[in-house]
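Descriptive analysis of the structure
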Amino acid sequence: MEENNNIDKNSLKFLNGKTTDWNELTKDCVCFANAQVGEIFIGSEVKATLTPGNQKIEDWNLLDIIQKNITTRTVNIGVAFPSLRTQQTIVRQLDALRSETQKLEAVYQKKIVDLEELKKSILQKAFAGELMSRVENGLQLKI
């Protein structure tokens with residue numbers, strides 16, 4: 001999921017401490033509200049496709065803090081959050097995707113290693129002159 005006109009991603013670090021730029025977050029909310037479309041994902045690093053696996057929200061008041069800070073800076077803009085049950089379902093789905101992605105990555109890494117070994121083997125045979133053999137009407141490639 002890439003950032004675009006309808007998606008904005010902010011790190012969870014963005015909301016930590018007194019350095020939170022609430023005006024910037026509010027501006028994004030107003031832009032999306034005016035366009036009548038858009039989602040802001042908090043907890044996802046800008047260049048990452050998934051949230052960090054070890055990331056935990058320690059302060060469950062964070063949702064209330066976000067709503068309070070956005071609504072006090074705007075008029076007629078509400079901030080909607082999925083229910084806790086929906087959030088937990090999303091987390092389970094993302095965890096399953098992360099697990100599947102890691103399995104696929106391991107398979108592809110193994111294939112890359114195997115292809116490198118095959119390449120070395122073919123080059124070794126080529127330099128040793130073992131890839132070609134003479135047949136009646138020309139050359140035959142042996143692999």
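Please read all numbers here as calculations on a predicted model, not as lab measurements. (Residues numbered from 1 in each chain as written. Predicted model: local features only at pLDDT ≥ 70, side-chain atom pairs only at ≥ 80, totals over all residues. Heavy atoms only, no water.)

**Description of the overall build of the protein chain**
When its secondary structure is counted, the protein chain shows 3 helices and 4 strands. Beginning at the N terminus, the succession of helices and strands in the protein chain can be written as β-α-β-α-α-β-β. Considering the protein chain as a whole, with its 143 residues, one finds that 19% of them fall into the buried category. About 11,300 Å² of surface is accessible on the protein chain, with carbon and sulfur atoms providing 54% of the total. (Helix = DSSP H or I, 4+ residues; strand = E, 2+ residues; numbered from the N terminus. Buried < 20%, exposed > 50% of the residue type's maximum accessible area, 1.4 Å probe, protein only. Areas by Shrake-Rupley, 256 points an atom, 1.4 Å probe, with all protein chains shown as cover.)

**What to know about the nonpolar core**
Judged by nonpolar contacts, Trp 22, Leu 25, Cys 29, Leu 62, Ile 66 and Ile 70 together constitute the single largest core of 6 residues. Sorting the residues of this core by element identifies helix H1 (22–35) and helix H2 (62–71) as the ones contributing at least two each. (Core = buried A, V, L, I, M, F, W, Y, C linked by side-chain atoms within 4.5 Å.)

**Focus: the pattern of salt bridges**
Throughout the structure, instances matching the rule amount to 2 salt bridges. For Arg 98, the salt bridge is made with Asp 95, and the minimal N-O distance between the two is 3.1 Å. Of the two residues, Arg 98 and Asp 95 are both situated in helix H3 (residues 84–127); the distance of 3 residues between them amounts to about one turn of the helix. For Arg 98, a relative accessible area of 17% gives the class buried. According to the relative accessible area criterion, Asp 95 is partly exposed, its value standing at 41%. The closest approach of N and O atoms between Lys 110 and Asp 114, which form a salt bridge, is 2.8 Å. Here Lys 110 and its partner Asp 114 are both found in helix H3, 4 residues apart, which amounts to about one turn of the helix. A relative accessible area of 33% places Asp 114 in the partly exposed class. (Salt bridge = Lys/Arg side-chain N within 4 Å of Asp/Glu carboxyl O.)

**Focus: the packing of H1 against H2**
Direction vectors running N to C along H1 and H2 enclose 80 degrees, while the axes themselves pass 9 Å from each other. When the axes of H1 and H2 are compared, the pair comes out roughly perpendicular. Between H1 and H2, the contacting residues are Trp 22, Leu 25, Thr 26 and Cys 29 on the first element and Ile 65, Ile 66, Asn 69 and Ile 70 on the second. Here the residues of the contact of H1 with H2 sort into 6 nonpolar, 2 polar and no charged. (Axes fitted to C-alpha atoms, helices over the stretch in contact; angles between N-to-C directions. Parallel < 35°, antiparallel > 145°, perpendicular 65-115°, else oblique. Contact = heavy atoms within 4.5 Å. Nonpolar A, V, L, I, M, F, W, Y, C, P; charged D, E, K, R; others polar.)

**With respect to H3**
With 44 residues, H3 extends 64 Å between its outermost C-alpha atoms, agreeing within 8% with the 64 Å of an ideal straight helix rising 1.5 Å per residue. With its phi angle positive at about 75 degrees, Gly 129 sits one or two positions after the end of H3. (Expected span 1.5 Å × (residues − 1).)

**Side note on H1**
Between its first and last C-alpha, H1 extends 20 Å over 14 residues, near the 20 Å set by a 1.5 Å rise per residue. Buried residues belonging to H1 abut strand S1 (7–10), strand S2 (39–42) and H2. Immediately downstream of H1, the backbone of Gln 36 shows phi near 60 degrees, a positive value.

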